[in-house]
Every structure is written in structure tokens, then in C-alpha cells.
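This is what each chain is made of:
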Amino acid sequence: QTVSLDLDKKWLDRIEPQLKANGIRDTSRHDCIYGDCFDWLARLAKRGEKFDMVILDPPSTSVGGKKKKRWSAKNDYDELVALAAQLVKSDGTLWTTTNSNQITSIRFARMCKKG
């Protein structure tokens, strides 16, 4: 089972065609959640959800969610990691990535470790 979470419906609309293009015909085991990742990661953790792997691939910057707060990878990635880490099984993997050119690899590693 897999879950995709995004604040932009256009990206979620691309999931099913991508799954099928990759040979996954039964898409019923994949859930798409539209919403703010900070809200949803906290909700999933509160429900006790755990995953073998959690992949974080946020944009470098974003404005959205209930608070309409500007989020940036260079300032806020550790907060995102802290929320996502709660959802990873004890023997699982948290995979993080960024396309921000404002974060060196050393700083990114430190942010992930802090989170």
C-alpha cells in the first residue's frame, strides 16, 4: 500500500497515470491525500500510522495550508523531517531529498539529522 500527499491537486492527478505507466494496474492500494503535509503528517502520526518507507520530496518553497505560511526548505526542512520520522517503522527508512540550490549537502544532512 502507498500514499501520496500533496497540496497541489494537479500533482495528485498525475499519480494514477504514472502508476499505470509503470505497470501497476491495480491502483486501489494507493491513496492520494490532498492537503497540507504538516497537518496530514501530524494526523497520520496521531492515528498511529507507520510505513516501511517515507519519502520527502517537497518544493524548495511553498505557501499554503491553513496558516498560509511561507515554507522554505532552507529554513524549515528539519520540522518536516521531525513530523515524517514519526511515521517510519522502527526498521524503516526515511528518504529525503531537496532541489534547493540554497542548501549545501552538509547543511541538508545536518537539518535532516536535527529533525
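Our subject is the structure that appears above.
Rules behind the numbers
- Residues numbered from 1 in each chain as written.
- Predicted model: local features only at pLDDT ≥ 70, side-chain atom pairs only at ≥ 80, totals over all residues.
- Heavy atoms only, no water.
- Helix = DSSP H or I, 4+ residues; strand = E, 2+ residues; numbered from the N terminus.
- Rg over C-alpha atoms; globule rule 2.2 N^0.38 Å.
- Buried < 20%, exposed > 50% of the residue type's maximum accessible area, 1.4 Å probe, protein only.
- Areas by Shrake-Rupley, 256 points an atom, 1.4 Å probe, with all protein chains shown as cover.
- Lys, Arg positive; Asp, Glu negative; His and termini not counted.
- Charge placed at Lys NZ, Arg CZ, Asp CG, Glu CD.
- 1 Å grid on protein atoms, 1.4 Å probe; cavity = no way out; pocket = protein on both sides within 12 Å on 5 of 7 lines; lining within 4 Å.
- Points joined across faces, edges and corners; volume = space filled by probe spheres on them.
- Nonpolar A, V, L, I, M, F, W, Y, C, P; charged D, E, K, R; others polar.
- Contact = heavy atoms within 4.5 Å.
- Polar contact = N/O pair within 3.5 Å; in protein donor to acceptor, adjacent residues only side chain to side chain.
- Axes fitted to C-alpha atoms, helices over the stretch in contact; angles between N-to-C directions.
- Left-handed = near helix turned anticlockwise from the far one by under 90°.

S.K.: Which parts of the structure should I look at to understand the overall build of the protein?
M.R.: In terms of helices and strands, the protein carries 5 helices and 6 strands. Order of helices (α) and strands (β) in the protein, N terminus to C terminus: β-α-α-β-α-β-β-β-α-β-α. Over its C-alpha trace the protein gives a radius of gyration of 15 Å, about what one expects of a compact globule, namely 13 Å for 115 residues. With 115 residues in all, the protein has 30% of them scored as buried. A total of about 8,000 Å² of accessible surface is found on the protein, and carbon and sulfur atoms cover 48% of it. In the protein, 21 positive and 15 negative side-chain charges are present, and the distance between their average locations comes to 5 Å.

S.K.: So what exactly am I meant to see when it comes to the layout of surface pockets here?
M.R.: One water molecule sets the probe size; rolling that probe over the atoms shows where empty space is left. By volume, the largest pocket amounts to about 1,600 Å³. Around the largest pocket, the lining is made up of 48 residues, and of these Ser-4, Leu-5, Asp-6, Cys-37 and Ile-55 lie nearest the centre. Considering every element that reaches the lining of the largest pocket, the biggest residue donor is strand β3 (residues 51-56), with 6 residues. Here the residues of the lining of the largest pocket sort into 22 nonpolar, 10 polar and 16 charged.

S.K.: It is not clear to me how the environment of Leu-19 should be interpreted in this structure. Could you clarify?
M.R.: For Leu-19, the position within the fold is in helix α2 (residues 15-21). Classification of Leu-19 as buried rests on a relative accessible area of 16%. Sequence separation between Leu-19 and Gln-1 is 18 residues, and the spatial gap between their C-alpha atoms is 12 Å. Residues contacting Leu-19, with those up to four places away along its chain left out, are Ile-24, Thr-27 and His-30.

S.K.: I'm lost on the side chain of Asp-78 in this one. Help?
M.R.: Counting through the fold element by element, Asp-78 comes out in helix α4 (residues 73-85). Residue classification places Asp-78 among the buried residues on the basis of a relative accessible area of 15%. Polar contacts involving the side chain of Asp-78 include one to the side chain of Lys-114, which spans 3.2 Å. Contact partners of Asp-78, with chain neighbours within four places excluded, come to Met-111, Lys-114 and Gly-115.

S.K.: Quick question: what am I supposed to make of the packing of α4 against helix α5 (residues 105-114) here?
M.R.: Packed helices, taken two at a time, are described by the angle between their axes plus the distance between the axes. Here α4 crosses α5 at 35°, and the two axes come no closer than 7 Å. Considering the relative orientation of α4 and α5, their crossing is right-handed. On the side of α4, the interface is formed by Ala-73, Lys-74, Asn-75, Asp-76, Tyr-77, Asp-78 and Val-81, while α5 contributes Arg-107, Phe-108, Met-111, Cys-112 and Lys-114. Considered class by class, the residues forming the contact of α4 with α5 number 6 nonpolar, 1 polar and 5 charged.

Purely geometric stuff here, so don't read any function into it on its own.
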